[in-house]
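# Overview (structure and organization)
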Amino acid sequence: MTTQEWKFTAKEIANKPDLFLPGHRACAGCVPATVLKLVMKATRGPTIVTEATGCMEVVSSIYPYTSWATPWLHTAFETAAANASGIEAALKIMKKKGRISQEHVDVIAIAGDGGTFDIGFQALSGAVERGHDFLFLLYDNEAYMNTGIQRSSGTPHGAATTTSPAGSSVPGKLEYKKPLADIMIAHNMEYVATASPYYWRDLITKVRKGLEVEGPAFLHVFAPCPRGWRSNPAKSIEYSKLAVETCVFPIWEAVNGNYKLSSPSKLLSLAPQKKKPVSDYLKGQGRFRHMFKPENKALLDEVQNITDKRWKQLLKKCNLS
Amino acid sequence: MMKNLKQKMVALAGDQAVAFAAKQSDVDVVAAYPITPQTIIVEQFSEYVANGEVETEFICTESEHSAMAASIAASATGARAFTASASAGLALMHEMLFVASGCRVPVVMAIANRALSAPLNIHGDHSDSMAQRDSGWIQMYAENSQEAYDSIIQAFKIAENSNVLLPVMVGLDGFTLSHTLENVETFSDETVKEYVGIRKIANVLTHEGKLAPFRLDPKNPMTMGPIALQNYYFEFKRQQEEAMSNALMVIQNVNKEYGEISGRKYGNGLIDEYYLKDAEIAVICIGSTAGTMKTIVDQLRNEGIKAGLLRIRTFRPFPSEDIRTALSNVKAIAVMDKSMSFGGNGGPTFHEIRNALYDSNPRPFIVNYIYGLGGRDTSPTQLRTIYSDLQQILTKQTIDQPIKYLGLRD
């Protein structure tokens, strides 16, 4: 990673040609699509993208059309990181043998929460252990949205999905969200970060930092899905802000395992009175509607408790407690 | 054209012969995961890497699934990719095998054929690769270590041919070949490197409508492995079938040109005929069993019995026409299967042969022998009974038992 942080103006970003082109088939209010557009604004040169099966893969590559103005490969659901290792290895040896230009090519692997937390986790862990030079970008919309809103291990506690419905005896998902970014730090990665697209500058900066790492980097991006969350498409970006303001999804980065809060979350650590209650974020989302029924008060309290607990743990990791 | 080039005899186990051939073929990326009885291949290749004898990126993946994904991705990037597996490992790759053939990446893979679990068994049979026969891969099976060596080199020429562009798997019988030392004639590194050449990348039309090499190249952005729905998926599949039928000719040509530099040919590349011209009875088998079978045919011929053997070298694409022609005078045929197709009335080779010979006139008697599952030894005496059974069928002009299990405990 370079020590000099990349500086850019909004104008430069706006003028930079898109690599993720419009015309894709994403739903109205789809934040993952916005995330990809922003991510591709952070590239620093030739870049190859490989994507796991999922919403963004499907909406961007319907043959004979494509939204990708950069080389792009999809093989399967669980293979984004394994693909990245094959691409990186091929580039390395072909360059060594003088069969391709000596110019550096960045490799980005993209997957949703299913392709990262669950089915793609083994391949991700393996590729990171082997130290391939790539950025793994997780767009987390907190369930299997492409197949029709089924729960993943990235789905938060209490959320109703089609495989964790809010029924009369089970009120939505009972399990807690897997702390994936922390697990990636435990792989001794040089760069791991979380980001939310409302803070788009922060997101773009973190993508660039991840690309600059010589080795694997991991970026966990929060990405609301109005279809799956049963929320107003016009409010998707608002939710990506509220998730940070309520500390449901704090944004931070860890360089060589040293956690550091990013500005929006840092401000909350300095002014805890500004931290909003989780209900501000949960209300309005159909997947949490049942939690506001009087009989589910305990569930709502539990979500506040777990959020506070995880936030405190994070502050401790950042040496802020 | 180079002819009868200098070769050197070395003692190699089948797995070592495979690793050596891959090394000499100037492979760019090897992504693999160890599994018995393939392990010697990856161990041997790791040594080449550790000793700086190859210019290859070796990816020691965390699973066979990732090994195949990485191989596909490396090949899509333009590299020559090689991997090896067996049994459960190949089964774990199942999903990715279809992706490899569908993406038209010329990956080459050696399979040290082994039984599938359960019960767990590490020994040789063809259950693993036969279960992948519809995955869109070209499938070849070696009779001995020499052929395993030759076939791996040939596989790159076949897979990378622009009329084919399909992945190729080369099977060698687990332990019987993989772990058994044989004398193998080998070329120099330079000869193989020159023969195989640097991988040529075919030009295709990009979505922008210009011709560009079919690989992930930042100068010519290409979308590979897209989603294709009801309106296009079908055409992709039809094209794969076209490539398979092109492979029939390409495999024969490669067998011929390789024969000229090595002095070794494997039948016509698709099938290997042994005393079939005037044979009345014949056995059809795959892999190392053919070696023993040839000895038995020799004995029978000495006794004046008109026996023959047909070894299937290429199982996919299945050389139906060649088989029909080769067997046109044979009156009774036994098909040997070292795997099962449960509930399918006989093994996979039996199905193919019955299909291929359905239009023969007159149609010969065809019976099936399932044998050697889980590495069960099959003795020459047992094999000889197959021919005597065929003689009986001819005498009686009827089949009592169409499917038999050879060497099965009662």
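Residues numbered from 1 in each chain as written. Chains lettered and ligands numbered in written order. Predicted model: local features only at pLDDT ≥ 70, side-chain atom pairs only at ≥ 80, totals over all residues. Heavy atoms only, no water.

## Looking at the overall build of chain A
Test applied: Secondary structure is summarised from DSSP: a helix means a run of H or I of at least four residues, a strand means a run of E of at least two, and numbering begins at the N terminus for each. Every radius of gyration here is taken over C-alpha atoms, with the globule rule written as 2.2 Å times N^0.38, N being the number of residues. The buried label goes to any residue with under 20% of its type's maximum accessible area, the exposed label to any with over 50%, and the partly exposed label to all in between, with areas taken from a 1.4 Å probe on protein chains only. Contact definition: two residues touch when any of their heavy atoms are within 4.5 Å. Per-residue and other accessible areas follow the Shrake-Rupley method at a 1.4 Å probe size, with only the shown protein chains counted as cover for residues. Here the positive residues are Lys and Arg and the negative ones are Asp and Glu; neither His nor the chain ends is included. Where a charge sits is defined by one atom per residue type, namely NZ (Lys), CZ (Arg), CG (Asp) or CD (Glu).
Along its length, chain A carries 13 helices and 8 strands. For chain A, the C-alpha radius of gyration of 19 Å lies close to 20 Å, the compact-globule estimate for 321 residues. Taken over the C-alpha atoms alone, chain A extends approximately 70 × 45 × 40 Å along its principal axes. Per-residue burial over chain A gives 60% buried out of 321 residues. Relative to all contacts within chain A whose residues are 6 or more apart in sequence, the contacts with residues 24 or more apart total 70%. Of the roughly 12,800 Å² of accessible surface on chain A, 54% is carried by carbon and sulfur atoms. Charged side chains of chain A number 40 positive and 29 negative; the gap between the two group centres comes to 3 Å.

## A few points about the domain arrangement of chain B
All names here are of chain B. In plain terms, the rule: Boundaries between domains were set according to an automatic or database domain assignment. Buried area adds together the accessible area that both of two parts lose upon being put together, with accessible area traced by a 1.4 Å probe. For salt bridges, the criterion is a side-chain nitrogen of Lys or Arg within 4 Å of an Asp or Glu carboxyl oxygen.
Here the domain parsing of chain B yields domain 1 (8–203 + 223–262) and domain 2 (271–406). Each of domain 1 and domain 2 has a C-alpha centre, and these two points are 27 Å apart. Counting from both sides, the interface comprises 29 residues of domain 1 and, opposite them, 26 residues of domain 2. Here domain 1 and domain 2 share an interface that buries about 2,100 Å² over both sides, 51% of which is from carbon and sulfur atoms. Run the count over domain 1 and domain 2 and you get 6 salt bridges. Between D134 and R316 there is a salt bridge, with its nearest N and O atoms 3.6 Å apart.

## A word on the sheet that holds strand β17 (residues 365–371) of chain B
All names here are of chain B. This is how the line gets drawn: Paired strands are those between which DSSP finds at least two bridges. To obtain each axis, a line is fitted to C-alpha atoms, and for helices this fit is confined to the stretch in contact; angles are then taken between N-to-C directions over 0 to 180 degrees.
Taken together, 6 strands build an open sheet; the order of strands is β12-β14-β13-β16-β17-β18 and the sheet is mixed. Bordering the open sheet on either side are β12 (271–274) and β18 (403–406), each of which pairs with just one other strand. Strand-to-strand, the axes of this sheet are offset by a mean angle of 20 degrees, without reference to chain direction. For β12 and strand β14 (residues 307–312), the ladder comprises 4 bridges, and the chain directions are antiparallel. Within β14, the position partnered with D272 by the bridge is R311.

## A look at the interface of chain B and chain A
In this complex, chain B contributes 45 residues to the contact, which on the side of chain A involves 43 residues. Across the chain B to chain A interface the summed buried area is about 3,400 Å²; carbon plus sulfur atoms make up 66%. Breaking the side of chain B that touches chain A down by element, the ones donating at least two residues are β3 (57–60), α3 (64–77), α4 (87–102) and β11 (223–224) of chain B. In terms of residue count, α3(B) provides more of the side of chain B that touches chain A than any other element does, 9 residues in total. Taken together, the 2 bridges between strand β2 (residues 72–74) of chain A and β11(B) define a ladder with parallel strand orientation. Residue A:L73 lies in a different strand from β11(B), and its bridge partner there is B:M224.

## Section: the sheet that holds strand β7 (residues 168–173) of chain B
Pairing is mixed across the open sheet formed by 7 strands, whose spatial order is β3-β2-β4-β5-β7-β6-β15 (chain B). Of all strands in the sheet, those with a lone pairing partner are β3 and β15 (314–316) of chain B, marking the two edges. Between one strand axis and the next, the sheet turns through 20 degrees on average, direction left out of account. Summarising the sheet, strand β2 (residues 29–32) of chain B and β3(B) pair through 4 bridges and their orientation is parallel. Its bridge partner lying in β3(B), B:V29 is registered against B:E57. This element, helix α4 (residues 80–96) of chain A, spans β2 and β3 of chain B of the sheet and lies at about 160 degrees to β3(B).

## Quick word on the confidence of the model for chain B
Where we set the bar: A score between 0 and 100, pLDDT records how confident the predictor is in each residue.
The share of residues in chain B with pLDDT of 70 or more is 100%, and the mean pLDDT across the chain is 97. Ranking the elements of chain B by mean pLDDT puts strand β9 (residues 203–205) of chain B last with 91 and β15(B) first with 99.

## Quick word on unusual backbone geometry
Trans peptide bonds make up the majority, and among non-glycine residues the majority have a negative phi. Between A:Y63 and the following residue, A:P64, the backbone shows a cis peptide bond with an omega angle of 5 degrees. A positive phi angle is found at B:L165, which is not glycine, with a value near 45 degrees. In this fold, B:L165 is placed in the loop between α6 (145–159) and β7.

## A word on the packing of helix α2 (residues 31–41) of chain A against helix α8 (residues 200–212) of chain A
All names here are of chain A. Rules: Oblique is the label for any angle not under 35 degrees, not over 145, and not in the 65 to 115 range, which are roughly parallel, roughly antiparallel and roughly perpendicular in turn. Less than a right angle of anticlockwise turn of the near helix away from the far helix marks a crossing as left-handed, whereas a clockwise turn marks it as right-handed. Three categories are distinguished: nonpolar for Ala, Val, Leu, Ile, Met, Phe, Trp, Tyr, Cys and Pro, charged for Asp, Glu, Lys and Arg, and polar for the others, with Gly belonging to the last.
Close contact between α2 and α8 brings their axes to 8 Å; oriented N to C, the two are set at 55 degrees. Looking at the two axes, α2 sits oblique to α8. For α2 against α8, the interelement crossing comes out right-handed. Listed contacts from α8 to L38, V39 and K41 of α2 are W200, L203, I204 and V207. For the contact of α2 with α8, the per-class residue count stands at 6 nonpolar, no polar and 1 charged.

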